[in-house]
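# Structural features, examined
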Amino acid sequence: MAASTKVLNLENPTQTGEWTVVLPRKGKYRRNSRRITTPKEQQQEQQTWVPTELEVDPDRQSKLLHKMQVCMKKIENSRFFLAFLDQMQSPKVLNHFHRVLGSELKLQMVIYGIGSIESHETPRLQLSLALLMKRKFSWIEDIEVFDPVLSATESQVLEALGCSVLSVNEQGRREAKKPTLFFMPHCEAELYNNLLQANWGVEALNRVALFGNSFETYEQHVSFKYYDQEVSFMDSSVAESVTHILAARRFTEEFRIETISDDYFAAFHDSSWHFFRLSCEEELQLR
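Please read these numbers as outputs of a predicted model, since none were measured by experiment.

## Let's talk about the overall build of the protein chain
- When helices and strands are tallied, the protein chain shows 13 helices and nine strands.
- Taking all 287 residues of the protein chain together, 53% fall into the buried category.
- Look at the contacts in the protein chain between residues 6 or more apart in sequence, and 79% of them connect residues 24 or more apart.
- Of the roughly 13600 Å² of accessible surface on the protein chain, 48% is carried by carbon and sulfur atoms.

As structure tokens, this is what we get:
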């Protein structure tokens, strides 16, 4: 774990940090929106965080744990999960994971922007998939989770499920000092951009596996002609919010997943595996 990373201790509350996640998207579920911070604000020192609701409700905790167990069973027995595993274990995708691992035996998993697992089924489905991956593959190590909307009750359930809840809002800027799987389904574009910017080097990016919104879709939706027109009369932070995503497309190997059933569309539509394959700094030029 990086030196700046801390695990949540509910007995020592401090000031809350601010989060920028939540991209309105297709489907029935949308997380509560918060304002988009500017790049200058994003670069400020990471904020210590605790849940806004500090009391753990044992009854809610028990009910939520049961809901998670039901959700995991639902996914585990689904055609969607079988297809997902088949893709992960296909030679092309598995070779990328082996390349990210390098000489290491384990892959750390970091989950950003999962949302409220108590309030909505979509975050429960997304978390269940991450937990099932860890159960299935021995090379996936510990799971760290952060979302500022998490309550103390949700944090306790996450820990009961074997996860560590971070007490620092990293704003997506975790440097991959060891092989890391970033699990970020349906996060805001700025969060992916922050992650890429924090790892904008050959060695770091080669240590990253990313599950999240399709970068190809971002590129399709941002034609450069339209993009330039927008920047001409909007704050420059709009341009900076996707700069690294678009630049990374040159060396990104992307594998889209299939939702198979409508039951999993809201949670996983337009989601892909992303692997970054580059050999020299020249490939990192921002254009």
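## Notes on the pairing of strand β3 (residues 140-146)
- Most of β3 sits out of view: five of its seven residues are buried.
- In this structure, strand β2 (residues 107-112) lies alongside β3, joined through five bridges in parallel fashion. When the bridges of β3 are listed, Met109 appears paired with Ile143.
- In this region the chain leaves β2, passes through helix α5 (residues 121-136) and returns to the parallel neighbour β3; the handedness of that crossover is right-handed.

## Considering the nonpolar core
- Residues Phe97, Trp273 and Phe276 are the most contacted members of the largest nonpolar core, which totals 78 residues.
- With seven residues, α5 is the single largest residue contributor to this core.
- With near-sequence residues (within four places) excluded, Phe97 lies in contact with Met88, Leu107, Trp139, Leu181, Ala209, Trp273 and Phe275.

## Observations regarding the environment of Asn169
- Positionally, Asn169 belongs in strand β5 (residues 168-169).
- You can call Asn169 buried: its relative accessible area is 0%.
- Placed 123 residues apart in sequence, Asn169 and Gln46 show a C-alpha to C-alpha distance of 5.9 Å.

## Side note on helix α4 (residues 91-101)
- Taken as a whole, α4 has its buried residues at Val93, His96, Phe97, Val100 and Leu101. Mapping the buried residues of α4 onto a view down its axis gives an arc of 140 degrees, with all of them on the same face. In α4, the exposed positions angled more than 90 degrees off the buried face are occupied by Pro91 and Lys92.
- On its buried face, α4 is in contact with α3 (79-88), β2, β6 (180-184), β7 (208-213), β8 (252-256) and β9 (271-276).
- Phi turns positive one or two residues past the end of α4, at Gly102, with a value near 60 degrees.

## Details of the confidence of the model for the protein chain
- Per-residue pLDDT for the protein chain has a mean of 83; in total, 78% of the residues score no lower than 70.
- Taken as a whole, residues 10-43 scores under 50 in pLDDT and shows 89 contacts with residues more than four places along the chain or in a different chain.
- A low-confidence stretch, residues 231-235 stays under pLDDT 50, and its non-local contacts, those more than four residues away or across chains, total one contact.

## Let's talk about the pattern of salt bridges
- In total, this model carries 11 salt bridges according to the counting rule given.
- Of the charged contacts in the structure, one is a salt bridge between Asp59 and Lys63, with a shortest N-O distance of 3.4 Å. Of this pair, Asp59 and Lys63 both sit in helix α2 (residues 58-76), separated by four residues, roughly a single helical turn.
- Measuring nitrogen to oxygen at the nearest pair gives 3.6 Å for the salt bridge that ties Glu216 to Arg256. One end of the pair, Glu216, is in helix α9 (residues 215-221); the other, Arg256, is in strand β8, with 40 residues separating them in the sequence.
- Bridged by salt links that share partners, the residues Glu53, Arg60 and Glu118 form one connected network.

What counts and what doesn't
- Residues numbered from 1 in each chain as written.
- Predicted model: local features only at pLDDT ≥ 70, side-chain atom pairs only at ≥ 80, totals over all residues.
- Heavy atoms only, no water.
- Helix = DSSP H or I, 4+ residues; strand = E, 2+ residues; numbered from the N terminus.
- Buried < 20%, exposed > 50% of the residue type's maximum accessible area, 1.4 Å probe, protein only.
- Contact = heavy atoms within 4.5 Å.
- Areas by Shrake-Rupley, 256 points an atom, 1.4 Å probe, with all protein chains shown as cover.
- Pairing = 2+ DSSP bridges.
- Right-handed = clockwise from strand over helix to strand, strands pointing away.
- Core = buried A, V, L, I, M, F, W, Y, C linked by side-chain atoms within 4.5 Å.
- Arc of directions from axis to C-beta.
- pLDDT = per-residue confidence, 0-100.
- Salt bridge = Lys/Arg side-chain N within 4 Å of Asp/Glu carboxyl O.

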